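Structure at a glance
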Amino acid sequence: MRYLTAGESHGPQLTAILEGVPAGLELRAEHINKELARRQKGYGRGRRMQIEKDVVNITAGVRHGKTLGSPIALVVENRDFKHWQTIMAVEPIDDETEIKRKVTRPRPGHADLNGALKYGHRDMRNVLERSSARETTVRVAAGAVAKRILEEVGIRVAGHVIEIGGVRAKKLDYRSLEELQAVTEESPVRCFDPEAGQKMMEAIDLAKKNGDSIGGIVEVIVEGVPAGVGSYVHYDRKLDAKIAAAIVSINAFKGVEFGIGFEAARRPGSEVHDEIIWSPEQGFSRRTNRAGGFEGGVTTGMPIVVRGVMKPIPTLYKPLQSVDIDTKEPFAASIERSDSCAVPAASVVAEAVVAWEVAAAIVSQFGQDRIDLIKENIERARRYAKEF
Ligand SMILES: Cc1cc2nc3c(=O)[nH]c(=O)nc-3n(C[C@H](O)[C@H](O)[C@H](O)COP(=O)(O)O)c2cc1C
């Protein structure tokens, strides 16, 4: 399974084409719309999220509520496009004022300057329109399709926020993933710990007041993946590596860890590795899950636990110094409309990209073409692991 996306932030629409989704999977627009709505929520988001309510239009690959096995095309309209028709026109324009409104002041921390140097753009709108995280809308849409596959085979995915602006949630103490999802869904910052959540909102308010931005850490947990998914035989078949790449591919994500992650550098091996146990009911299992569900790029059968760190958003109302690419004069970087903190929304994006990688691995390992056969094959693999 793979997907591509296209679309500019203020262009007419965003598009995703998903290839390799198995046939026979129930899929309706509402499955996707519910995830798009989750991405738009979150304390600290700017005005755009209030202007636009994202809805998907499925234009290919689905008939009578079921996938066909052919490429699936998903389209999300940018409702704000009506205000950008001249600036974002596909055809050449002769409106001098719009041409003059070009962006020449690169923002430190964004892709503006690098993109301009790379593609030779003198108007950095040509860069920022695509490097904007608006694109993550259709990645969430693709992730919603992946989640449908995972649901069918008994795999659950939940993303949540564990840190914002230096405020850290206390250690998770949830009884089930459903409980974690229910609580975080009600939190404006998607945090399981209400006290920390309150402090996170205060930190966001303060950042906003100061014209600044703050980052944080999100965690994604995947339960129900059988042991043996992924592979150790090639670098590009290691599932933990694919998930790590997917997390770092999210705009503003700068690091990733599994299980106890970087803490492993500070502990002896005896306090890092997970002891192996066996029982007739469960088969092989682990006493702990410090590895976060992977050994050798292959799932252990324990939950996948992956965290990603998001840097503060680069667009600041209190601008950092930059240099105008036309005049070469030092300048305070220009302000595009911006959020002060997008960590809660980013946890929904993280959930989506992880869901995609896990679903792609499941489909490639257990069947490919038909969801019913994938279900049978994965059940067989689960039974086999128990009896091994
Ligand atoms: C959900 C989400 C929303 C974002 N919103 C903004 C924003 O409003 N303004 C901004 O400057 N950057 C925002 N970003 C981050 C930029 O898109 C990102 O920093 C930029 O593309 C440069 O890429 P890099 O930070 O990965 O190097 C957002 C990121 C995510 C995941």
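Below is a short write-up of the structure. (Residues numbered from 1 in each chain as written. Predicted model: local features only at pLDDT ≥ 70, side-chain atom pairs only at ≥ 80, totals over all residues. Heavy atoms only, no water.)

Section: the overall build of the chain
Along the backbone of the chain there are 11 helices and 17 strands. Computed over its C-alpha atoms, the radius of gyration of the chain comes to 22 Å, within 12% of the 21 Å expected for a compact globule of 388 residues. For the chain, the spread of C-alpha atoms along the three principal axes comes to 75 × 50 × 40 Å. When the 388 residues of the chain are sorted by exposure, 48% land in the buried category. Taking the contacts inside the chain whose residues are at least 6 apart along the sequence as the reference set, 70% of them involve residues at least 24 apart. By element, 53% of the accessible surface of the chain is carried by carbon and sulfur atoms, the whole surface being about 19400 Å². Positive and negative side-chain charges of the chain, numbering 56 and 54 respectively, have mean locations separated by a distance of 0 Å. (Helix = DSSP H or I, 4+ residues; strand = E, 2+ residues; numbered from the N terminus. Rg over C-alpha atoms; globule rule 2.2 N^0.38 Å. Buried < 20%, exposed > 50% of the residue type's maximum accessible area, 1.4 Å probe, protein only. Contact = heavy atoms within 4.5 Å. Areas by Shrake-Rupley, 256 points an atom, 1.4 Å probe, with all protein chains shown as cover. Lys, Arg positive; Asp, Glu negative; His and termini not counted. Charge placed at Lys NZ, Arg CZ, Asp CG, Glu CD.)

Some remarks on the site of the ligand
Residues in contact with the ligand amount to 18 residues; listed here are only the nearest, S131, A252, K254, K311 and T315. K311 places a polar side-chain atom, nitrogen or oxygen, 2.8 Å from an oxygen atom of the ligand. Here the ligand has 630 Å² of accessible area as a free molecule, and 87% of this is covered by the chains. (Near = heavy atom within 4 Å. Polar contact = N/O pair within 3.5 Å; in protein donor to acceptor, adjacent residues only side chain to side chain.)

Remarks on the side chain of E223
On the secondary structure map, E223 appears in strand β9 (residues 216-223). Look at E223 and you get buried, because its relative accessible area is 18%. If near-sequence neighbours (up to four positions away) are discounted, E223 is found in contact with G154, I155, R156, Y174, L177 and P303.

Re the packing of aromatic side chains
Considering all chains together, one arrives at five aromatic pairs under this definition. The structure contains a cluster of three or more aromatic residues connected by ring pairs, namely F284, Y384 and F388. (Phe/Tyr/Trp six-rings, centres within 6.5 Å; stacked < 30°, edge-to-face > 60°.)

Here we look at the packing of helix α6 (residues 136-152) against helix α10 (residues 343-366)
Where α6 meets α10, the axes come as close as 7 Å, and the angle between the chain directions of the two elements is 45 degrees. The angle between α6 and α10 places the two elements in the oblique class. At the point where α6 passes α10, the crossing takes the left-handed sense. Facing T136, R139, V140, A142, G143, A146, K147, I149 and L150 of α6, the residues of α10 in contact are V348, V349, E351, A352, V353, A355, W356, V358, A359, I362 and V363. Considered class by class, the residues forming the contact of α6 with α10 number 15 nonpolar, two polar and three charged. (Axes fitted to C-alpha atoms, helices over the stretch in contact; angles between N-to-C directions. Parallel < 35°, antiparallel > 145°, perpendicular 65-115°, else oblique. Left-handed = near helix turned anticlockwise from the far one by under 90°. Nonpolar A, V, L, I, M, F, W, Y, C, P; charged D, E, K, R; others polar.)

Describing the sheet that holds strand β6 (residues 72-77)
Read from one edge to the other, the open sheet built from four strands follows the order β1-β2-β6-β3, with strand pairing classed as antiparallel. Of all strands in the sheet, those bounded by a partner on one side alone are β1 (2-6) and β3 (56-60). Across the sheet, the axes of successive neighbouring strands diverge by a mean angle of 20 degrees, strand direction being ignored. Where β1 and strand β2 (residues 13-19) come together, five bridges link them in antiparallel fashion. Following the sheet pairing, T5 is matched in β2 by A16. (Pairing = 2+ DSSP bridges.)

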